[in-house]
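# Structural overview
Each chain is listed here by its residues.
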Amino acid sequence: MTTTTEPRKTSRSKAAKPKSPSGGENSETLRGYYRDMLFVRRFEERTAQGYTQAKIGGYCHLNLGEEATVVGLGAAMRPTDYLFTNYREHGYALAKGIEPGRVMAELYGRSTGTSKGWGGSMHMYDTASRLLGGYAIVGGQIPLAVGAALAIDYRDGDDVVVCQMGEGTTNIGAFHESLNIAALWGLPVVFLVINNQLGMGTSVERSSAEPDLYKRAAAYRMRGEQVDGTDVLAVRDIASQLIETARSEGKPALLEAISYRLKGHSVVDPAKYRSSEDVSVARDHDPVSRFRSELIEAGLLDEAAAEEIEREVRAGVEAAVEFADTSPHPDPSSLFDYTYATPVPGEDRRLPADPLFTA
C-alpha cells in the first residue's frame with residue numbers, strides 16, 4: 001500500500017491565482033488557456049471511452065491531471081521549436097497545434113492520423129508541427145532529442161528542442177548520458193520531467209534516492225528548476241525562461257513539473273496500489289477545476305461563459321471522434337511502405353498467408 005505524501009513546495013506559491021488584466025495578463029488569453037486545458041481533459045476522457053469500445057487498440061496512456069503542464073509548455077514554445085515526448089503524448093500533440101481529428105484518427109488507427117494510422121497512441125509524429133514522437137521505449141526519445149539539438153547548433157539555428165519524459169526515466173543511463181553531452185556541448189535543449197508521483201505503480205520516494213529530480217541538473221552544472229505542474233501560468237513562465245535561455249545562450253536546462261495523475265498508469269490500470277488518501281490528494285490538485293475556480297474568483301469568467309466553453313469543447317471533441325470514425329483504415333497493400341526510408345533491393349513484402357514462392 002502506498003502512503004500519502006504531502007504536496008511538494010513549488011512555485012505555485014508565487015502565482016497562486018491568475019494575474020488580472022491590470023497585472024499584465026490578458027483575460028482572453030487566460031480564458032484561452034482554460035479552454036485548451038478543458039479540451040485536453042475532454043479529449044482524453046473520450047479517448048478512454050473509445051478504448052473501452054474497442055475502437056482504440058494497443059496501449060493507451062492519458063494526460064489526465066497533466067493539462068496545465070501541457071498547455072503551459074505549449075504557450076512557452078514557438079511553433080518552430082521541436083518537441084520529443086514519451087508515450088503519454090496526446091495532449092502535447094494538441095498543444096503543438098495538430099488538428100484534434102488527426103490525433104483521434106491516429107488513436108483509431110486510421111489513414112488520416114498523424115502517422116497515417118501506423119503509430120497509434122504511443123507513436124504520434126508530425127513533421128509539420130515538429131512533434132517528433134511519441135516514444136514507447138522509456139527514455140528512447142532523450143538521445144534523439146539531444147541529436148536534434150546538435151543539428152540545430154551545427155546549422156546555427158535559433159530553434160529549441162524540448163524533451164518531455166516521466167519521472168521514472170531519470171533513473172536510466174540515457175538520461176544521464178544525454179544531459180552530460182547537452183551540457184558539455186552547450187546544446188539548445190530543455191529536458192522536461194513530468195513528476196506525477198508514480199512511476200507506473202511505484203512512488204518516486206521508493207525509486208529515487210533524491211526525489212527532488214530537478215536537483216540532478218547540478219551534477220552537470222546545468223540549471224534545474226521545479227514548478228507546480230498544476231499551475232498553467234507558473235509552467236508557462238518558467239518554461240519560457242528556460243527555453244529562451246537555451247535559444248539565446250545555448251544553455252540546456254532541466255525542469256521538473258510536479259503534477260498528480262488522476263487515473264492509473266494506462267487506461268486498463270485500475271490503480272489499486274493507491275490509497276483513498278492518495279486519490280483525494282490528486283483530486284484536490286485537479287488543474288482544470290482549480291483554474292476554472294480561480295478565473296471565476298478573479299472575475300475573469302462566470303458560470304454562463306464556463307458552460308459555453310464546455311459546450312464548444314465537447315462539440316470539438318465529438319467532431320474529432322466523428323472524423324476518426326469515418327476515416328478509412330490503411331490499405332493492407334501499404335503495410336510495408338515505411339519499413340525503410342528508401343527502397344531496398346530484395347525486400348520481402350509478402351502479406352500474411354501469401355505463398356513463399358509464386359509460379
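Residues numbered from 1 in each chain as written. Predicted model: local features only at pLDDT ≥ 70, side-chain atom pairs only at ≥ 80, totals over all residues. Heavy atoms only, no water.

## Topic: the overall build of the chain
Helix and strand counts for the chain stand at 11 helices and seven strands. Taken against the 2.2 N^0.38 rule, which gives 21 Å for 359 residues, the C-alpha radius of gyration of the chain at 21 Å falls within 12% of a compact globule. Dimensions of the chain, computed from C-alpha atoms along their principal axes, come out at roughly 75 × 50 × 45 Å. A total of 359 residues make up the chain; the buried ones form 51% of that total. Within the chain, residue pairs in contact and separated by at least 24 positions form 73% of the contacts whose partners lie at least 6 positions apart. (Helix = DSSP H or I, 4+ residues; strand = E, 2+ residues; numbered from the N terminus. Rg over C-alpha atoms; globule rule 2.2 N^0.38 Å. Buried < 20%, exposed > 50% of the residue type's maximum accessible area, 1.4 Å probe, protein only. Contact = heavy atoms within 4.5 Å.)

## With respect to the pairing of strand β3 (residues 189-195)
Summarising burial for β3: seven of the seven residues are buried, a large majority. Judged by which residues are buried, β3 turns out to be covered on both faces: V189, F191, V193 and N195 on one side and V190, L192 and I194 on the other are all buried. In this region the chain leaves strand β2 (residues 161-166), passes through helix α6 (residues 173-185) and returns to the parallel neighbour β3; the handedness of that crossover is right-handed. Where β3 meets strand β7 (residues 253-258), six bridges bridge the pair, whose relative direction is parallel. Bridging from a neighbouring strand, V193 pairs with E256 of β7. (Right-handed = clockwise from strand over helix to strand, strands pointing away. Pairing = 2+ DSSP bridges.)

## Some details on the packing of aromatic side chains
Taken as a whole and judged by the stated rule, the model has three aromatic pairs. Ring centres 6.3 Å apart and planes at 20° place the aromatic pair F84 and Y135 in the stacked group. Of this pair, F84 sits in strand β1 (residues 82-84) while Y135 sits in the loop between α4 (100-107) and α5 (141-154), and the two are 51 residues apart along the sequence. The same class applies to F84 as to Y135, namely buried. Between W118 and Y338, the ring centres sit 5.7 Å apart and the planes meet at 80°, which makes this aromatic pair edge-to-face. (Phe/Tyr/Trp six-rings, centres within 6.5 Å; stacked < 30°, edge-to-face > 60°.)

## Regarding empty space enclosed by the protein
Enumeration according to the criterion identifies two cavities of 30 Å³ or more in this entry. The volume enclosed by the second largest cavity comes to roughly 40 Å³. Along its surface, the second largest cavity is lined by L62, N63, L64, G65, E66, R88, N196, S259, Y260 and R261. Of the residues assigned to the lining of the second largest cavity, the class counts are three nonpolar, four polar and three charged. (1 Å grid on protein atoms, 1.4 Å probe; cavity = no way out; pocket = protein on both sides within 12 Å on 5 of 7 lines; lining within 4 Å. Points joined across faces, edges and corners; volume = space filled by probe spheres on them. Nonpolar A, V, L, I, M, F, W, Y, C, P; charged D, E, K, R; others polar.)

## With respect to the layout of surface pockets
Of the pockets and cavities examined, the largest pocket occupies roughly 330 Å³. Around the largest pocket sit 23 residues that line it, and Y87, G166, E167, M200 and H265 are the ones nearest its centre. Looking at the lining of the largest pocket, the elements with two or more residues in it are β2 and β4 (198-199). Partitioning the lining of the largest pocket into residue classes produces eight nonpolar, 11 polar and four charged.

## Description of the pairing of β2
The element β2 is largely enclosed, with a buried count of six among its six residues. Neither face of β2 is left uncovered, since the one carrying V161, C163 and M165 and the one carrying V162, Q164 and G166 both have all their residues buried. As judged from the three bridges shared by β1 and β2, these two strands associate in the parallel manner. Residue F84 lies in a different strand from β2, and its bridge partner there is C163.

## Section: the nonpolar core
In terms of nonpolar packing, the biggest core is built from 61 residues, with Y34, F43, L73, M104, V232, I243 and F291 touching the most fellow members. Membership of the second largest hydrophobic core comes to 26 residues, among which are F84, L213, Y220 and M222. (Core = buried A, V, L, I, M, F, W, Y, C linked by side-chain atoms within 4.5 Å.)

## Concerning the side chain of D159
Note that D159 resides in the loop between α5 and β2. Within the structure, D159 has its side chain in polar contact with the side chain of T80 (distance 3.0 Å). Among the polar contacts made by the side chain of D159, one reaches the side chain of R130 at a distance of 2.9 Å. Contacts of D159, omitting those with residues within four sequence positions, involve T80, D81, Y82, R130, I152, P188 and R247. (Polar contact = N/O pair within 3.5 Å; in protein donor to acceptor, adjacent residues only side chain to side chain.)

## Here's the deal with the pattern of salt bridges
Working definition: two side chains of opposite charge can pair if their charged atoms are close together. Considering all chains together, one arrives at 25 salt bridges under this definition. Between D159 and R130 there is a salt bridge, and its shortest N-O distance comes to 2.9 Å. Residue D159 is found in the loop between α5 and β2, and its partner R130 is found in the loop between α4 and α5; the two are separated by 29 residues along the sequence. Residue D159 is classed as buried on the basis of its relative accessible area of 15%. Where R349 meets D337, a salt bridge forms, and the shortest distance between an N and an O atom there is 2.9 Å. (Salt bridge = Lys/Arg side-chain N within 4 Å of Asp/Glu carboxyl O.)

## Examining the sheet that holds β2
The five strands lie next to each other as β1-β2-β3-β7-β6, forming an open sheet whose pairing is parallel. Looking at strand neighbours, the two that pair on one side only are β1 and β6 (223-228), the edges of this open sheet. With direction set aside, neighbouring strand axes in the sheet form an average angle of 20°. Running at roughly 160° to β6, helix α8 (residues 232-249) makes contact with β2, β3, β6 and β7 of the sheet. (Axes fitted to C-alpha atoms, helices over the stretch in contact; angles between N-to-C directions.)

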